[in-house]
Amino acid sequence: MLAESPRRRTALALATSLTALALLASGCGLGGEDGKRIRVGVSGDSPEWEVLAKEAKKEGLTVETVVFDDYSLPNKALSAGDIELNAFQHLVFLAQSNTENKTDIAPIAATTVVPLGLYSSKHKRLADLPDGSEITLPNDPANQGRGLRVLEQAKVIELKKEAGLFATPDDITANPRHIKITPVNAQQTPRTLKDADAAVINDGVAELSGIDAGTALFKDDPAAPQAVPYLNVIAARADHKDDPDFQKIIKLYASRAVQDEVRRTSNGTAHHIELPAAELQAELARVQK
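Residue indices begin from 1 for each chain and proceed along its sequence in written order. Whole-chain, interface and lining totals are the exception, using all residues; otherwise, since this is a predicted model, local features are given only for residues with pLDDT of at least 70 and side-chain atom pairs are given and counted only at 80 or more. As a convention, hydrogens and water are excluded, and side-chain values are obtained from all of the structure's heavy atoms.

Trainee: Provide a residue-level description of the pattern of salt bridges, including the pertinent values.
Mentor: The rule for a salt bridge is simple: a side-chain nitrogen of Lys or Arg has to be within 4 Å of a carboxyl oxygen of Asp or Glu. According to the stated counting rule, one finds 15 salt bridges in the structure shown. Lys-160 is the partner of Asp-171 in a salt bridge, and the nearest nitrogen-oxygen pair spans 3.8 Å. Of this pair, Asp-171 sits in the loop between β8 (158-159) and β9 (172-174) while Lys-160 sits in the loop between β8 and β9, and the two are 11 residues apart along the sequence. Notably, a salt bridge pairs Asp-245 with Lys-248, separated by 3.7 Å at the nearest N-O pair. Of this pair, Asp-245 and Lys-248 both sit in helix α8 (residues 244-253), separated by three residues, roughly a single helical turn. Helix and strand labels come from DSSP, where a helix needs a run of H or I of at least four residues and a strand needs a run of E of at least two; each type is numbered from the N terminus.

Next comes the structure, spelled out in structure tokens:
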């Protein structure tokens, strides 16, 4: 769901959900005393946002990151008004979150799209997976559906044509290699590699665990049209989405200084995409339906 990199390996040491919430509790509202403070919820260490914060000072803005180690928390914090923006999720995850939590969070800019890969510590090639292998994948609906699509594209399984973005293992129609599919918490997928034959692991989670994206047995194509729902986004509460200071943040994210850092820290796996907010919001509405 997130464009992350080896920088993320220190993320869990930097913050837990409890410390993040403690930071939120001590923070002030939108803008702070001078009307220019913007807190951004992220998942893991985020050097590109550190670069952006330095550039933002030139615009008279104070940008602070609040680190979460649980994907369920940044949207809750945003809805509660404890942060002003977040940048950790793709559109499918946001659609799922809005629907389940009855929130109104809107994407205001695309950041990057990253491939989703299948990894193994036991096998070097996809063809080496034995009959009856166990493959783990994220259990949240958004990433589980994408993970199953990765396995379908790798010709490991086949899914119902009508399965859609939120496919589940029940939608598998063909499994010629008798693969055992085991959904687990997304952050736990790397740990399963010691027991399972392979695991579908989010790019950021893989890099946080020291897994080289280049070792994937298979990955989907982030440049394909099917990847549009998996664009990572900067998100705001819908009633604040047109804040002019947010437009400065969007422009800064697309700047050369920030994008150079994105490329450096993602080892080239993150593809920066620019789409108008209206298109992103239309795609979110489509996915939510």
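Trainee: Explain the sheet that holds strand β10 (residues 180-184) to me, using residue names and the numbers behind them.
Mentor: Spatial ordering of the open sheet is given by β10-β7-β11-β6-β12, a layout of five strands whose pairing is mixed. Whereas interior strands pair on both sides, the edge strands pair on one side only; in this sheet they are β10 and β12 (218-219). Pairing between strand β7 (residues 134-138) and β10: five bridges, direction parallel. Bridging from a neighbouring strand, Leu-137 pairs with Pro-183 of β10. The strands touched by helix α6 (residues 141-153) are β6 (117-119), β7, β10, β11 (198-201) and β12; relative to β7, the strand with the most contacts, the crossing angle is about 140 degrees. A pair of strands is considered paired only if DSSP assigns at least 2 bridges between the two. We call two residues in contact whenever any of their non-hydrogen atoms come within 4.5 Å of each other. For every element, the axis is a line fit to its C-alpha atoms; helices are fit only across the contacting stretch, and the angle between N-to-C directions ranges from 0 to 180 degrees.

Trainee: Please set out helix α9 (residues 256-265) residue by residue, giving values where relevant.
Mentor: Buried residues of α9: Val-258, Gln-259, Glu-261, Val-262 and Thr-265, and no others. Buried residues of α9, seen end-on, are gathered within an arc of 155 degrees and therefore sit on one face of the element. Of the exposed residues in α9, those oriented more than 90 degrees away from the buried face are Arg-256 and Arg-264. Residues of α9 that are buried make contact with α3 (47-57), β5 (112-113), α8 and β14 (271-272). Positive phi appears at Asn-267, one or two residues downstream of α9, with a value of about 55 degrees. Relative accessibility decides the category of a residue: with a 1.4 Å probe and only protein chains considered, values under 20% of the type maximum give buried, values over 50% give exposed, and everything between is partly exposed. As used here, the arc belongs to the directions running from the helix axis to the C-beta atoms.

Trainee: Tell me about the packing of aromatic side chains, and name the residues and values.
Mentor: The criterion for an aromatic pair is that two Phe, Tyr or Trp rings (for Trp, the six-membered ring) have centres within 6.5 Å, with stacked assigned to planes under 30 degrees apart, edge-to-face to planes over 60 apart and tilted to the rest. Per the counting criterion, the structure on display carries four aromatic pairs. Plain terms: the ring middles of Phe-88 and Phe-93 are 5.8 Å apart, the flat faces sit at 80 degrees to each other, and that makes the pair edge-to-face. Taking relative accessible area as the criterion, Phe-88 reaches 2% and is therefore assigned buried. Look at Phe-93 and you get buried, because its relative accessible area is 8%. Among the aromatic side chains, those forming a connected cluster through ring pairs are Tyr-71, Phe-88 and Phe-93. Any Lys NZ or Arg CZ that is within 6 Å of a ring centre and within 35 degrees of that ring's normal is treated as a charge sitting over the ring. When the ring centre of Tyr-230 is taken as reference, the NZ or CZ atom of Arg-146 above it lies at 4.5 Å.

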